[in-house]
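A closer look at the structure
The lines below spell out each chain.
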Amino acid sequence: MTTKNPVEFAREVRAEVARVTWPTRRETMITTSMVFIFVVIAALFFLVADKVIGFVVKLLLGVS
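In this report, we go over the structure that sits alongside the text. Being a predicted model, the structure only gives us computed values, none of them experimental.

Throughout the structure, instances matching the rule amount to one salt bridge. Close ionic contact of Glu 16 with Arg 19 constitutes a salt bridge, the shortest N to O distance being 2.9 Å. A residue pair is termed a helical-turn pair when its members lie 3 or 4 positions apart in one helix, as Glu 16 and Arg 19 do in helix 1 (residues 6-19) at three residues.

Another aspect to go through is the packing of aromatic side chains. Within the structure shown, the criterion is met by one aromatic pair. Relative to Phe 46, the ring of Phe 45 has its centre 5.2 Å away and its plane inclined at 75°; by these criteria the two rings are edge-to-face. The exposure classification of Phe 45 matches that of Phe 46, with both residues exposed.

Reading guide: rules and limits
Residues numbered from 1 in each chain as written. Predicted model: local features only at pLDDT ≥ 70, side-chain atom pairs only at ≥ 80, totals over all residues. Heavy atoms only, no water. Salt bridge = Lys/Arg side-chain N within 4 Å of Asp/Glu carboxyl O. Helix = DSSP H or I, 4+ residues; strand = E, 2+ residues; numbered from the N terminus. Phe/Tyr/Trp six-rings, centres within 6.5 Å; stacked < 30°, edge-to-face > 60°. Buried < 20%, exposed > 50% of the residue type's maximum accessible area, 1.4 Å probe, protein only.

Laid out in structure tokens, this is it:
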């Protein structure tokens, strides 16, 4: 493993960051909204699945 001069490393990092295509504010807001929507959908799915499985287990075991 080779060690690099910290100044050279910082220069390379700046050059790499300059090549990154950053998302626009609109793209970030849309993506964030989609994530929140899918989190809510997943939470509702797992809530319903948990209730159904709990109901079936209680039905099979005769536990009230």
